[in-house]
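Below are the chains, spelled out letter by letter.
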Amino acid sequence: GGPEVVTSKGFDEAKLGVQPHEWPVFLELAGEAAQLWPIPYVRSGMLSALGTVKAEICIGVFEEEASPEAAARRKVQEAGFDHFLASAALEKTGGDAARA
């Protein structure tokens, strides 16, 4: 085998099936589930991770999130940090990607 490759990216039929108008409720439920982790940055990292894959969860959503928070997270990740470390650093620096 070789590296795993996503072959269903962008296909509504392969998505979880959350409707865009249901996204806030989905995140609320995910936030409740995240309470299983005692470390706050792990909880916020999990919710941030969901935000980065919204287009692969919600039916009819095809573009990547373009919010300032998502841009800051991508900038820190492009510097070589994984999603959870990037989320923790951004939380600690108040969302300042340069300081993170």
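Above this text sits the structure in question.
Note that the coordinates shown come from a computational prediction; the quantities given were computed from them, not determined experimentally.

1. Details of the packing of helix H1 (residues 23–34) against helix H2 (residues 40–52)
Item 1. Two elements in contact, H1 and H2, have axes whose closest approach is 9 Å; the angle formed by their N-to-C orientations is 150°. With respect to their mutual orientation, H1 and H2 come out roughly antiparallel. Where H1 crosses over H2, the two elements pack in a sense that is right-handed. Contact residues: Trp23, Phe26, Leu27, Ala30, Gly31 and Ala34 in H1; Arg43, Met46, Leu47, Leu50 and Gly51 in H2.
Item 2. Of the residues that constitute the contact of H1 with H2, the class distribution is eight nonpolar, two polar and one charged.

2. Considering the nonpolar core
Item 1. Core analysis: the largest hydrophobic core is formed by eleven residues, namely Val18, Trp23, Phe26, Ala30, Ala34, Met46, Leu50, Ala55, Ile57, Cys58 and Val61.
Item 2. Sorting the residues of this core by element identifies H1 and H2 as the ones contributing at least two each.
Item 3. With four residues, the single largest contributor to this core is H1.
Item 4. Of all hydrophobic cores here, the second largest spans five residues; its members include Ala72, Ala86, Leu90 and Ala97.

3. Structural notes on the packing of aromatic side chains
Item 1. All chains considered together, the criterion is met by one aromatic pair.
Item 2. Taking the centre distance of 5.3 Å and the plane angle of 25° together, the rings of tryptophan 23 and phenylalanine 26 count as stacked. Of this pair, tryptophan 23 and phenylalanine 26 are both found in helix H1, three residues apart, which corresponds to roughly one turn of the helix. A single burial state applies to tryptophan 23 and to phenylalanine 26, both of which are buried.

Definitions and limits used
- Residues numbered from 1 in each chain as written.
- Predicted model: local features only at pLDDT ≥ 70, side-chain atom pairs only at ≥ 80, totals over all residues.
- Heavy atoms only, no water.
- Axes fitted to C-alpha atoms, helices over the stretch in contact; angles between N-to-C directions.
- Helix = DSSP H or I, 4+ residues; strand = E, 2+ residues; numbered from the N terminus.
- Parallel < 35°, antiparallel > 145°, perpendicular 65-115°, else oblique.
- Left-handed = near helix turned anticlockwise from the far one by under 90°.
- Contact = heavy atoms within 4.5 Å.
- Nonpolar A, V, L, I, M, F, W, Y, C, P; charged D, E, K, R; others polar.
- Core = buried A, V, L, I, M, F, W, Y, C linked by side-chain atoms within 4.5 Å.
- Buried < 20%, exposed > 50% of the residue type's maximum accessible area, 1.4 Å probe, protein only.
- Phe/Tyr/Trp six-rings, centres within 6.5 Å; stacked < 30°, edge-to-face > 60°.

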